[in-house]
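Below are the chains, spelled out letter by letter.
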Amino acid sequence: MERRKVDRERIERADRESRLVLDAERQAREAKTARLREQRLKKVTEILVAELNRPGDVEPP
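These numbers were taken from a predicted model, which means no experiment stands behind them. (Residues numbered from 1 in each chain as written. Predicted model: local features only at pLDDT ≥ 70, side-chain atom pairs only at ≥ 80, totals over all residues. Heavy atoms only, no water.)

### Observations concerning the overall build of the protein
Each helix and strand in the protein was counted, giving one helix and zero strands. Out of the 61 residues in the protein, the part that is buried amounts to 0%. For the protein, the accessible surface area stands at approximately 6700 Å², while carbon and sulfur atoms represent 53% of it. (Helix = DSSP H or I, 4+ residues; strand = E, 2+ residues; numbered from the N terminus. Buried < 20%, exposed > 50% of the residue type's maximum accessible area, 1.4 Å probe, protein only. Areas by Shrake-Rupley, 256 points an atom, 1.4 Å probe, with all protein chains shown as cover.)

Written out as structure tokens, the structure reads:
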């Protein structure tokens, strides 16, 4: 039985290309996660500041 010819260069090229795509997708996910985390923290900070600045909640000394 004859063995099938394996194109190692093609396989290596495909591996490199797929690795590049996966790395780009991972970086995009991480950037989105960081952006969403920053937005969430900003919103929480705004809510806390708004609660602290509401008039009538705290009696002046």
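After that view of the structure, there is still more to cover.
### Quick word on the pattern of salt bridges
A full pass over the atoms with the stated rule returns two salt bridges. Here Asp23 and Arg26 are joined by a salt bridge, their closest N and O atoms 3.4 Å apart. Highlighted residues: Asp23 and Arg26, both in helix H1 (residues 8-52), separated by three residues, approximately one helical turn. The class of Arg26 is partly exposed, set by a relative accessible area of 33%. Note that Arg26 and Glu30 form a salt bridge whose closest N and O atoms lie 3.7 Å from each other. With Arg26 and Glu30 both in helix H1, this residue pair falls four residues apart, about one helical turn. On the basis of relative accessible area, Glu30 is assigned to the partly exposed category, the value being 47%. (Salt bridge = Lys/Arg side-chain N within 4 Å of Asp/Glu carboxyl O.)

### Concerning a negative patch on the surface
On the surface, a cluster of negative charge is made up of Asp7, Glu9, Glu12 and Asp15. Tracing the sequence through the fold places Asp7 in the segment before H1. (Patch = residues over 30% accessible without salt bridge, like charges linked within 9 Å, V, L, I, M, F, W, Y side chains within 5 Å. Lys, Arg positive; Asp, Glu negative; His and termini not counted. Charge placed at Lys NZ, Arg CZ, Asp CG, Glu CD.)

### Side note on a positive patch on the surface
Together, Arg10, Arg13, Arg16 and Arg19 line one region of the surface with positive charge. Among the secondary structure elements, Arg19 is positioned in helix H1. Judged by its relative accessible area of 49%, Arg19 is partly exposed.

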